Amino acid sequence: MEHPPTFAFPDVAWAPARALSAKQIGLMTLALLGGLVVYNIFSYLAFAVQGDSLSSVYSGYGFLSFSSSAFTGTISKLIFWLGAGLALYVVMLGLFAVAAINIEAVRGNRFFSAREAYRFTLSRAGQLARAEIAILLFVLFIVLLFFLLGLLVRIPFVGEWFFTLFFVIPNFVVALFTVFIIFVVILSILLLPAVAAAERRGETFAVILETFSTIIRLPLRWGLYTGFTLVAAKLCSFVYAYFCYRAVQFMTAATALGGGEKVPNLMKSALAILPVRSDFVYHITNIFPGIRFGFDIPAGSVWVEETVASHVMAAMLVIVFASVLGYALAILAAGQARAYVALKYIKDGYKVTDEESLFAAAAQPVSEPPEEVGQEQGPS
């Protein structure tokens, strides 16, 4: 059993330790890789619609560095942003899975497996999508209203007065409220998966209401908890990345004792395929932005023969690298789950710890049935 929660900061402070488990890092890494696949499919589709050569695109961008500025047509930009949105949704499913593991642990089910979390995530995927889409549709509805207002402004003489007289009330008030909604939508990327994981009945409106309620009623506490998990995720993932780096070095050197130069050459060829000198990799292998304290991954060698095995090895290294990000996001998800449990108690006086596990029947160990009271005893 876990220690009883304090419904305060110490619960969140344990997030890095709670997230340091194979099932949580594995689920988050799987979500990251799935998001990367979705992102690349739509990005290359956008390039194809734009008429660019996919081979030239791969040689210039690879699989890890795209930006919207590379697309010029409206359709290609729409395809790109659709893929980016779907990739982010896949990552949010990973956050949901990790949050579900932590919520079940709070309820007393410490043996909630990765397979059960995966199935639970798939069963609630629609709830997560509906919650985000409902908020976005509301924002688009407000945009549509302002678009219609713009059409009224085109009316000669009357239009500009109509816009001016109603500028403060209701136009400015509605715009201010909408900007706040957009701000909450951005924050909900972290919080909403944890709220959905704690919601027992899978109701979309309840998840939206709890997300807004938590941010509106306890913005300072939630901001402090989230800020801590962000810093902890960066620091702990850096330590994890360093150990991964040394583990790969050790494995390569130890294997080279029997395999000779073939092993390091394979590694050099694989590293030459990857963008190890990019800014993104630099920030992962450095402790904090602006503080030069970290390690450098060798860039590999283009003089080593590039084979099919080197491309597969590059994919293996990407998985190891993704696990570093997976651990960082797992800390965020675990921190959000623990923070929501504490904030739910602070704002509503409700203890999630008093709830029964959603998977209590599967979690209970098989035991012998107790003897009935008054059952006759045999001779001693």
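Throughout this document, residue positions are counted from 1 along each chain, in the order its sequence is written. Predicted model: local features are reported for residues with pLDDT of at least 70 only, side-chain atom pairs are reported and counted for 80 or more only, and whole-chain, interface and lining totals are derived from all residues. The side-chain values count all of the structure's non-hydrogen atoms but skip hydrogen atoms and water molecules.

### Quick word on the packing of aromatic side chains
Thinking step 1. Ring geometry is summarised as follows: Phe, Tyr and Trp rings, the Trp one being its six-membered ring, pair when their centres sit within 6.5 Å, and such pairs are stacked at plane angles under 30 degrees, edge-to-face over 60 and tilted between the two. For the coordinates displayed, the defined rule picks out 17 aromatic pairs.
Thinking step 2. Arranged with centres 6.3 Å apart and planes meeting at 35°, the rings of Phe9 and Tyr225 form a pair that is tilted. Taken together, the residues span a long stretch of sequence, with Phe9 in helix H1 (residues 9-13) and Tyr225 in helix H10 (residues 219-259) at a distance of 216 residues.
Thinking step 3. Each residue gets one of three labels from its accessible area relative to the maximum for its type: buried under 20%, exposed over 50%, partly exposed in between, using a 1.4 Å probe on protein chains only. A relative accessible area of 5% means that Tyr225 is categorised as buried. Here a helix means four or more residues in a row that DSSP labels H or I, a strand means two or more in a row labelled E, and each is numbered from the N terminus.

### A few points about the pattern of salt bridges
Thinking step 1. Criterion for a salt bridge: a side-chain nitrogen of Lys or Arg within 4 Å of a carboxyl oxygen of Asp or Glu. For the coordinates displayed, the defined rule picks out 10 salt bridges.
Thinking step 2. The partner of Arg107 in a salt bridge is Glu355, with the nearest N and O atoms 2.8 Å apart. Of this pair, Arg107 sits in the loop between helix H5 (74-106) and helix H6 (114-153) while Glu355 sits in the loop between helix H13 (308-348) and helix H14 (360-363), and the two are 248 residues apart along the sequence.
Thinking step 3. A salt bridge links Arg201 to Glu203; its shortest N-O distance comes to 3.4 Å.
Thinking step 4. For Arg201, a relative accessible area of 62% corresponds to the exposed category.
Thinking step 5. Overall, Glu203 belongs to the partly exposed group, its relative accessible area being 38%.

### Some details on the UniProt feature "transmembrane region" (unreviewed entry) in the protein chain
Thinking step 1. UniProt positions are given in the numbering used here, feature names are shortened, and annotations may be inferred rather than shown by experiment. According to UniProt, the feature "transmembrane region" (unreviewed entry) maps to residues 25-47, 78-101, 133-155, 161-192, 222-243 and 312-334 in the numbering used here.
Thinking step 2. With 97% helix and 0% strand, residues 161-192 has end C-alpha atoms that lie 42 Å from one another.
Thinking step 3. Helix makes up 100% of residues 222-243 and strand 0%, with an end-to-end C-alpha separation of 31 Å.

### Re the packing of helix H3 (residues 22-50) against H13
Any two packed helices are characterised by how steeply their axes cross, that is the angle between the axes, and by the distance between the axes.
Thinking step 1. Only the stretch in contact is used when fitting a helix axis, every axis being a line fitted to C-alpha atoms; angles between N-to-C directions are given from 0 to 180 degrees. Here H3 crosses H13 at 115°, and the two axes come no closer than 7 Å. When the axes of H3 and H13 are compared, the pair comes out roughly perpendicular. Considering how the two elements wind past one another, H3 and H13 form a crossing that is right-handed. Taking contact as the criterion, the partners of Gln24, Ile25, Met28, Thr29, Leu32 and Leu33 in H3 are, on H13, Val318, Ile319, Ala322, Ser323, Leu325, Gly326, Tyr327, Leu329, Ala330 and Ala334.
Thinking step 2. Classification used: nonpolar for Ala, Val, Leu, Ile, Met, Phe, Trp, Tyr, Cys and Pro, charged for Asp, Glu, Lys and Arg, polar for all others including Gly. Considered class by class, the residues forming the contact of H3 with H13 number 12 nonpolar, four polar and no charged. An angle counts as roughly parallel when it lies under 35 degrees, as roughly antiparallel when it exceeds 145, as roughly perpendicular when it falls between 65 and 115, and as oblique in every other case. For a crossing to be left-handed, the near helix must be turned anticlockwise from the far one by less than a right angle; the clockwise case is right-handed. Here, two residues are considered to be in contact whenever any of their heavy atoms come within 4.5 Å of each other.

### Regarding the state of the cysteines
Here is the idea: a disulfide is a covalent bond, and it sits between the sulfur atoms of two cysteines.
Thinking step 1. Here, the term disulfide refers to a pair of cysteine sulfur atoms separated by no more than 2.5 Å. All told, the structure shown has zero disulfides when counted by the stated rule.
Thinking step 2. Here Cys236 is not cross-linked by a disulfide; its sulfur's nearest cysteine counterpart is in Cys244, at 13 Å.
Thinking step 3. Under the relative-accessibility criterion, Cys236 is labelled partly exposed at 23%.
Thinking step 4. A relative accessible area of 14% means that Cys244 is categorised as buried.

### Remarks on unusual backbone geometry
Thinking step 1. With omega at 10°, the peptide bond leading from Ile169 into Pro170 counts as cis.
Thinking step 2. Relative to the helices and strands, Pro170 is located in helix H8 (residues 167-198).
Thinking step 3. A positive phi is found at Phe7, a non-glycine position, where the angle reads about 55°.
Thinking step 4. Locating Phe7 in the fold gives a position in the segment before H1.
Thinking step 5. The phi dihedral of Phe157 is positive, around 65°, even though this residue is not glycine.

### Description of the pairing of strand S2 (residues 291-294)
Thinking step 1. Paired strands, as defined in this entry, are two strands with at least two bridges between them according to DSSP. Across two bridges, the pairing between strand S1 (residues 286-288) and S2 is antiparallel. If you follow Asn286 over to S2, its bridge partner there is Gly294.
Thinking step 2. The antiparallel pairing of S1 with S2 creates a hairpin that spans two residues between the two strands, and Gly290 there sits at a positive phi of about 90°.

### A word on H5
Thinking step 1. Here H5 is 33 residues long and its end C-alpha atoms lie 47 Å apart, about the 48 Å a rise of 1.5 Å per residue gives.
Thinking step 2. After H5 finishes, the residue Gly108 shows a positive phi value of roughly 110°. Multiplying 1.5 Å by the residue count of a helix minus one yields the expected span of that helix.

### Notes on the side chain of Ser310
Thinking step 1. Note that Ser310 resides in helix H13.
Thinking step 2. Judged by its relative accessible area of 0%, Ser310 falls in the buried class.
Thinking step 3. Within the structure, the side chain of Ser310 is placed 3.3 Å from the side chain of Ser269, a separation counted as a polar contact.
Thinking step 4. Any pair of nitrogen or oxygen atoms within 3.5 Å is treated as a polar contact; in protein, a donor-acceptor pairing is required on top of that, and neighbouring residues in sequence qualify only through side-chain atoms on both sides. Of note is the side chain of Ser310, whose polar atom sits 2.5 Å from the backbone oxygen of Thr307.

### Some thoughts on the side chain of Thr29
Thinking step 1. Within the secondary structure, Thr29 is located in helix H3.
Thinking step 2. The class for Thr29 is buried, based on a relative accessible area of 7%.
Thinking step 3. Setting aside its immediate chain neighbours within four residues, Thr29 contacts Ile319, Ala322, Ser323 and Gly326.

### Concerning a nonpolar patch on the surface
Thinking step 1. Residues enter a patch when their relative accessible area is above 30% and they make no salt bridge; the linking distance is 9 Å between like charges and 5 Å between nonpolar side chains (Val, Leu, Ile, Met, Phe, Trp, Tyr). Per-residue accessibility takes into account occlusion by the displayed protein chains alone, with areas from the Shrake-Rupley method and a 1.4 Å probe. Taken together, the side chains of Leu152, Ile155, Phe157, Val158, Trp161, Phe162, Leu165 and Phe166 present a nonpolar region at the surface, about 870 Å² in accessible area.
Thinking step 2. If one sorts the elements of the nonpolar patch by residue count, helix H7 (residues 158-165) sits on top with four residues.
Thinking step 3. For Leu152, the location among the structural elements is in helix H6.
Thinking step 4. Its relative accessible area of 37% is what places Leu152 among the partly exposed residues.

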